[in-house]
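If you want the building blocks of each chain, they are given just below.
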Amino acid sequence: MSTHFIELCKLCEQLEKEASRNLKVNIVVDFLRKISSEEVKFAVYFITGKFPSNLLTLNVGYSTIYQIIKKLSNISDNQYLTEYNKTGDMGETAKKIFEIYPPKTQKTFFEQPSTLTEVYEIFQKIAEFTGESSRVKKQRLIESFLSKITPLEVKYFIKNLIGEMRHGFSEGLMEEAVAKAFNVELEKVRLASMVTGDLGKVCEFLKIFGKDGIEKISLTVFQPIKPMLADLAKNPAEALIRHGGKTSFEFKLDGVRIQIHKKNSNVKIFSRRLKEVTEAFPEIVEKIKHEIKADSFVVEGEIIPTTKNGKPLPFQYIMRRYGRVKNLEKTIKNIATTLYLFDLLYLDGEVLIGKPFYERRKKLEEIAPNQMLTPQLITSNPVEAEKFFEEAIKNGHEGLVAKQLESAYTPGIRGKKWLKIKKVLETLDLVILAAEYGHGYRHDWLSDYYLAAKNLEVKPIFEKDYVSFADYVEKIHNDRFKVVGKTFKGLTDEEIKTLTGKLKNLILEKHGRAVILKPKIVVEVAYSEIQKSPLYSCGYALRFARIVRIREDKTIDEIDTTEKVKEIFEKQFKTTTSNFLER
DNA sequence: CATGTCTGCCCC
DNA sequence: ATTCTGC
DNA sequence: GCAGAATGGGCAGACATG
């Protein structure tokens, strides 16, 4: 018996309205129990809005969907904007528009509503189009499907294309629902989901084989598992307290986190999101093959970009290696990498994720050469810990990670037994030069801010006409300010609301959902690093900018300058790699 | 062929 | 990635 | 304390367009 997509859409509408998590879970439990084993995995994907990685790559985003909505309903940009501004949600907007301007349909009177299987097949077909004119083909297919279904189905089809459901029911709650629907312990469902990376499959498995089968699911070589995540701590002393007085500190390296699987002479490297990236790092594959004394294993570590003598380079350099296929050999010559390992999850037939961290690390030390391990210090002494932190910074790294010695390897956000401690940079005082209305629950607020520093140079640093909105904003202000970043982070909802009111009085120009402002509001901004920017005309951008507070006491004459930004940028790498960066 | 736009359970 | 909010 | 939502800069690749 197949389930109709419209039933699932109605369920999502209920989830959207219901605030209580327990009730949301119950609603989904009933639904999962009703569905056939053939279709239950599709329900899991469609409700959470997420397909397992490697299963489908749609290559369809906002821009394509926007064009489709416009074409089918024949509305103007302004009409779309007016409707979108009411909710801040693309799916809901399309639903409203199609209710008023229904697409011309080729629908016959005998047509049955689409089943979950049929809808999934559409997604598969969208993913399968590649090569020349594939974008048009994708677009045509979506258009023809959207013109056959109801506005409510359009809403959730679009939400699934984008992957943003906004009904407050994501993977964590889906795991709870699956556990409850099949009377299995939550931890078992989570483990199976972590190991297979496909909660839909786990659910299908439970439906067919019942709860006994799930116990057999375990870590397997070449099947990547979700990485353990870390919480934040202010300083090493805090980490010591939270870990009960004694802990293991390691350097926190600024590169990409990877999981390496090896069996006999086969090696595969997976990203944090479990994408295979083996091809980008042939030199790492060779190292793994020759320098680790074991036949089969799963290890975890970080690959950082370095000079040939192993000095850390800025994070941006590793991105030029990541996922690269073209000119790989040439790039390898210019950007070296260094691999640091920090965990061992499986070794020669034995699954180690349930073992305490100190045991996993000890086994790792037995099979891997010392220089391939992250520098580590186990201590209960806050002074020593602080020294180790300083040493990490001095060597050009991000800070430390503290790992509780007894902790098992746990997936996802849950049970954060790891704590990261990052270096803190001096904050900048910047002016808000433009802002954008947010999306979802923030659609009514100016919640995204363009941050700018004072420009003392008479001429712009780059001679070019404006190409981006940020360039245009600078031009409006005669280059008195230079945009160095954008942020939505740091303020509470109340503060955003209040600030929106103030900013509305400062609007100079409106551009769609963006506004250009009189320079008036000064904010103190924290960030993790200053990067070279190909986007902003001043050539620099703040990484992970967030507002610390609104500086009511400061005027725009007192904000920091682009010179200061440049100075901080240069100071960052002085100790390590400044020569390399000159070009 | 050069340049521009869009996309990525992208990476952080 | 970071941050805030509701349960 | 967890789970979810809302968003940042920058990179390469794939395809579209002129």
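Residues numbered from 1 in each chain as written. Chains lettered and ligands numbered in written order. Predicted model: local features only at pLDDT ≥ 70, side-chain atom pairs only at ≥ 80, totals over all residues. Heavy atoms only, no water.

## Considerations on helix α2 (residues 21–34)
Selection rule: Secondary structure follows DSSP: runs of H or I at least 4 residues long count as helices, runs of E at least 2 residues long count as strands, and numbering of each begins at the N terminus. One fewer than the residue count of a helix, multiplied by 1.5 Å, yields its expected span. Burial classes follow relative accessibility: with a 1.4 Å probe on protein chains only, a residue under 20% of its type's maximum area counts as buried, one over 50% as exposed, and anything between as partly exposed. Working rule for contacts: check all heavy atoms of both residues, and any pair within 4.5 Å makes them a contact. A 3.5 Å cut-off defines polar contacts: any pair of N or O atoms within that distance qualifies, except that in protein one atom must be a possible hydrogen donor and the other a possible acceptor, and neighbouring residues in sequence count only when both atoms are side-chain atoms.
Over its 14 residues, α2 extends 20 Å from the first C-alpha to the last, a length consistent with the 20 Å expected when each residue adds 1.5 Å. Among the residues of α2, Lys 24, Val 25, Ile 27, Val 28, Val 29, Phe 31 and Leu 32 are the ones counted as buried. Buried residues along α2 sit in contact with α1 (5–17), α3 (40–48), α10 (171–181) and α12 (199–209). With a side-chain oxygen lying 3.3 Å from the backbone nitrogen of Asn 22, the N-terminal cap of α2 falls on Ser 20.

## Section: the domain arrangement of chain A
This is how the line gets drawn: Boundaries between domains were set according to an automatic or database domain assignment. For any pair of parts, buried area is found by adding up, for both, the accessible area (1.4 Å probe) each one loses once the two are put together. Here, a salt bridge means any Lys or Arg side-chain nitrogen found within 4 Å of an Asp or Glu carboxyl oxygen.
Domain assignment breaks chain A into domain 1 (50–162), domain 2 (229–422) and domain 3 (428–572). Placing the centre of domain 1 and that of domain 3 at their C-alpha centroids yields a distance of 35 Å. Contact with domain 3 buries area across many residues of domain 1, yet Leu 81, Tyr 84 and Asn 85 alone supply 64% of it, more than any other trio. Summed over the shared surface of domain 1 and domain 3, the result is zero salt bridges. On inspection of domain 1 and its partner domain 3, the count reaches five residue pairs in polar contact (both at pLDDT 80 or more).

## Things to note about the sheet that holds strand β8 (residues 376–379)
Stated precisely, the cut-off is as follows: In this scheme, strands are said to pair when DSSP sees at least two bridges between them. Helix axes are fitted to C-alpha atoms over the stretch in contact, other axes to C-alpha atoms as well, and angles between N-to-C directions run from 0 to 180 degrees.
Across the sheet, which stays open at both edges, the five strands sit in the order β1-β10-β9-β2-β8 with mixed pairing between neighbours. Every other strand in the sheet has two partners, leaving β1 (230–232) and β8 as the edge strands with one partner each. Within this sheet the neighbouring strands show an average axis-to-axis angle of 30 degrees, counted without direction. Alignment of strand β9 (residues 399–403) against strand β10 (residues 418–422), held across five bridges, turns out to be antiparallel. In the sheet register, Leu 400 faces β10, and the bridge partner there is Ile 421. In the packing of helix α18 (residues 382–394) onto the sheet, contacts are made with β2 (247–252), β8, β9 and β10, and the angle to β9 comes to roughly 135 degrees.

## As for a negative patch on the surface
To keep things clear, this is the line we draw: Residues with no salt bridge and a relative accessible area higher than 30% make up the patches, which join like charges within 9 Å and nonpolar side chains (Val, Leu, Ile, Met, Phe, Trp, Tyr) within 5 Å. Reported accessibility uses the Shrake-Rupley method at a 1.4 Å probe radius. Residues are deemed covered only where the shown protein chains occlude them. When charges are counted, Lys and Arg are positive and Asp and Glu negative, with His and the chain ends excluded. Throughout, a charge is located at the NZ atom of Lys, the CZ atom of Arg, the CG atom of Asp or the CD atom of Glu.
Taken together, the side chains of Glu 457, Glu 563, Glu 567 and Glu 570 define an acidic patch exposed on the protein surface. Inspection of the secondary structure puts Glu 570 in helix α21 (residues 562–574).

## Observations concerning the protein's contact with DNA strand C
We apply this condition: Throughout, the term near means that a residue has one or more heavy atoms lying within 4 Å of the molecule or strand in question.
Taken together, 13 residues are adjacent to DNA strand C, and Arg 21, Arg 272, Lys 489, Gly 490 and Arg 546 come closest. Backbone atoms, meaning sugar and phosphate, form 84% of the atoms of DNA strand C found within 4 Å of the protein. One of the backbone nitrogen or oxygen atoms of Asp 493 is found 2.9 Å away from a phosphate oxygen of DNA strand C. Arg 546 has a polar side-chain atom sitting 2.6 Å from a phosphate oxygen of DNA strand C.

## Some thoughts on the protein's contact with DNA strand B
In the vicinity of DNA strand B, 25 residues are found, and the nearest of them are Phe 51, Gly 61, Thr 64, Arg 272 and Arg 273. Restricting the count to atoms of DNA strand B within 4 Å of the protein gives a sugar and phosphate share of 80%. In this structure, Gly 61 approaches DNA strand B through a main-chain N or O atom, which is 2.6 Å from a phosphate oxygen. Within the side chain of Arg 272, a nitrogen or oxygen atom sits 3.5 Å from a phosphate oxygen of DNA strand B. Secondary structure elements with two or more residues in the surface near DNA strand B: α4 (62–73) and β3 (256–263). Considering every element that reaches the surface near DNA strand B, the biggest residue donor is α4, with three residues.

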